[in-house]
Amino acid sequence: MPGDFSLRTVQVTLSPLDRFAQFLQSRGKRVTQQRRQIVEQVFSHHDHFDADELMAHLRDELAARRLSRPTIYRTLNELVEAGLLRKMTLGGRSVFEHEYGYPQHDHLYCQVCNALIEFHSQALERLCDQVARQEDFEVLGHRLFVTGICAKCRRRQKPSRASD
């Protein structure tokens, strides 16, 4: 069944930093230089990441004591509360991905190497809408994780045939 499962583009009116600033202001907080550095790093590219991976990217700031581990963890939680990041628990670890300005999508998840492959399916959206109409259910979003083993891990797991 051929198809285009690529993610579509989402237009946003505010940058992630501006959106975060609005959120913080609504809570009586301000955008500090530390929060700014974290947001800029997080949104400099799209990747699924955990707190340790983020800290590795910010190691110079951590080493120079311009940032602390608690500030990074606190800011990640604030970014989730603000709707900028989504937090998922996979393989016993918390993983983050962009939520704001990123399209609705689903994942294939490799249980061996923890790889996440993103995809979008119009057929899946139509099926969700059809079931929701049938059940008189208002859909606000969905999240699908298909678990399995990626091709790379399957190739590694295949036993090599011994010569007879």
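Residues numbered from 1 in each chain as written. Predicted model: local features only at pLDDT ≥ 70, side-chain atom pairs only at ≥ 80, totals over all residues. Heavy atoms only, no water.

Caption draft 1: Quick peek at the sheet that holds strand β4 (residues 116-119). Pairing is mixed in the open sheet, where three strands are placed in the order β4-β3-β5. The open sheet has two free edges, formed respectively by β4 and β5 (145-148), since each of these has just one partner strand. Going from strand to strand, the sheet's axes swing by 20° on average, the running direction of each strand aside. One ladder, built from four bridges, connects strand β3 (residues 106-110) with β4; its direction is antiparallel. Bridging across to β4, H107 finds its partner in E118. (Pairing = 2+ DSSP bridges. Helix = DSSP H or I, 4+ residues; strand = E, 2+ residues; numbered from the N terminus. Axes fitted to C-alpha atoms, helices over the stretch in contact; angles between N-to-C directions.)

Caption draft 2: Representation of the pairing of strand β1 (residues 85-90) in the model. Sheet topology note: the β1/strand β2 (residues 93-98) ladder contains six bridges and is antiparallel. In the sheet register, L85 faces β2, and the bridge partner there is H98. Counted along the chain from β1 to the antiparallel partner β2, the turn is two residues long, and its residue G91 has a positive phi close to 55°.

Caption draft 3: Broad picture of a nonpolar patch on the surface. On the surface, L108, I117, L144 and V146 cluster together into a nonpolar patch covering about 280 Å² of accessible area. On the secondary structure map, I117 appears in strand β4. (Patch = residues over 30% accessible without salt bridge, like charges linked within 9 Å, V, L, I, M, F, W, Y side chains within 5 Å. Areas by Shrake-Rupley, 256 points an atom, 1.4 Å probe, with all protein chains shown as cover. Salt bridge = Lys/Arg side-chain N within 4 Å of Asp/Glu carboxyl O.)

Caption draft 4: View of the packing of helix α2 (residues 33-42) against helix α5 (residues 69-81). At their nearest, the axes of α2 and α5 sit 10 Å apart, and the two run at 65° to each other. The orientation of α2 relative to α5 falls into the category roughly perpendicular. The crossing of α2 and α5 is right-handed. In this structure, α2 uses Q34, R35, I38 and V39 to contact α5, whose residues at the interface are T71, I72, T75, E78 and L79. For the contact of α2 with α5, the residue count by class is four nonpolar, three polar and two charged. (Parallel < 35°, antiparallel > 145°, perpendicular 65-115°, else oblique. Left-handed = near helix turned anticlockwise from the far one by under 90°. Contact = heavy atoms within 4.5 Å. Nonpolar A, V, L, I, M, F, W, Y, C, P; charged D, E, K, R; others polar.)

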